[in-house]
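A closer look at the structure
For reference, the chains in residue letters:
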Amino acid sequence: MTATSGAAGSRPVGSDVVRLQGILGVDLDLQLLQLALTHRSYAYEHGGIGHNERLEFLGDSILGQAVTVKLFRSFPDLDEGELAKRRASLVSTVALAEIARMIGLGAYLRLGKGEEQTGGRDKASILADTVEAVIGATFLSAGPDDATALVLRLVEPLLVDPARFGAAMDPKTSLQELAASLTLGNPAYRVTEEGPDHDKTFHATVVLQGEDVATGSGSSKKTAEMAAALEAWTRLSGRAA
């Protein structure tokens, strides 16, 4: 199958895309996978080639359905409210960015110079969107069964590690509890922002006992703080990927 989203389909595929296909464990169209990795900033700087936002839209729907069915079957004793809470956590920007970091997805992104220079490879919103785009590409290339299987493989590390799952659901609370248990005091957050009002990026730094512990970025102050909190929790708990 060839890429269905337009101009990027005719561009040569890099060896990094082949490596990522091996990591994902899915036999899918390489040009479509490359399109899934192409951020709009890269597309803009290269003559308006295709980018991954349509694939992201598709992948979001597939992700939600796969996670919903998995939770419904795996937790028969949970009521609707708790199932909805868990689903929201697993498909959140923070959790998807965590999943992306587990597989080293940031190294494969195609970013414009501006995003590259401002840490786009570890920006939670970009990582999360790319995960969804990869899922969308898998659906188009390999079909619904392989796309669902990929989703379940990606979320499995969070499901089998209750502590990590809890941290993904509520990173700031989990970090506060872990810091207290380590007698590190309460975490503080230092937040900066950049960009125009319609497209701001926020950068948060977790500070413990006067020391910078971890950073995170996002499209809102809350998302950036959550990303930074999850990164800090991951480091302090010894669960770094």
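Residues numbered from 1 in each chain as written. Predicted model: local features only at pLDDT ≥ 70, side-chain atom pairs only at ≥ 80, totals over all residues. Heavy atoms only, no water.

You'll find the protein chain entered in an unreviewed UniProt entry as Ribonuclease 3, with Curtobacterium citri given as the organism. Its UniProt record, at the heading Subcellular location (unreviewed entry), says of the protein chain: "Cytoplasm". (UniProt positions renumbered as here; feature names shortened; annotations may be inferred.)

Here we come to the UniProt feature "active site" (unreviewed entry) in the protein chain. Residues annotated in UniProt with the feature "active site" (unreviewed entry) correspond here to Asp60 and Glu132. Their sequence span is 73 residues, while the largest C-alpha to C-alpha distance among them is just 5.4 Å; these annotated residues converge on one region. With respect to the helices, strands and loops of the structure, Asp60 is situated in helix H4 (residues 53–74). Residue Asp60 is classed as partly exposed on the basis of its relative accessible area, which comes to 42%. On the secondary structure map, Glu132 appears in helix H8 (residues 124–142). On the basis of relative accessible area, Glu132 is assigned to the buried category, the value being 7%. The residues touching Glu132, leaving out its near neighbours within four places in the chain, are Leu55, Glu56, Gly59, Asp60, Leu63 and Leu96. (Helix = DSSP H or I, 4+ residues; strand = E, 2+ residues; numbered from the N terminus. Buried < 20%, exposed > 50% of the residue type's maximum accessible area, 1.4 Å probe, protein only. Contact = heavy atoms within 4.5 Å.)

This paragraph deals with the packing of helix H6 (residues 93–102) against helix H9 (residues 144–160). At a closest axis distance of 10 Å, the pairing of H6 and H9 adopts a crossing angle of 105°. Comparing their axes, H9 and H6 come out roughly perpendicular. From H6, Ala95, Glu98, Ile99 and Met102 reach across to H9, where they touch Leu154, Val155, Pro157 and Leu158. Of the residues in the contact of H6 with H9, the class split is 7 nonpolar, no polar and 1 charged. (Axes fitted to C-alpha atoms, helices over the stretch in contact; angles between N-to-C directions. Parallel < 35°, antiparallel > 145°, perpendicular 65-115°, else oblique. Nonpolar A, V, L, I, M, F, W, Y, C, P; charged D, E, K, R; others polar.)

A word on the pattern of salt bridges. Using the criterion set out here, one finds 10 salt bridges in the structure. The salt bridge involving Glu225 is made with Lys172; its shortest N-O contact spans 2.7 Å. Of this pair, Glu225 sits in helix H12 (residues 221–236) while Lys172 sits in helix H11 (residues 171–181), and the two are 53 residues apart along the sequence. Its relative accessible area of 11% is what places Glu225 among the buried residues. A salt bridge links Arg190 to Asp212; its shortest N-O distance comes to 2.9 Å. Within this pair, whereas Arg190 is found in strand E1 (residues 188–194), its partner Asp212 is found in strand E3 (residues 211–218), the two being separated by 22 residues in sequence. Taking the relative accessible area as the measure of exposure, Arg190 reaches 40% and is therefore partly exposed. (Salt bridge = Lys/Arg side-chain N within 4 Å of Asp/Glu carboxyl O.)

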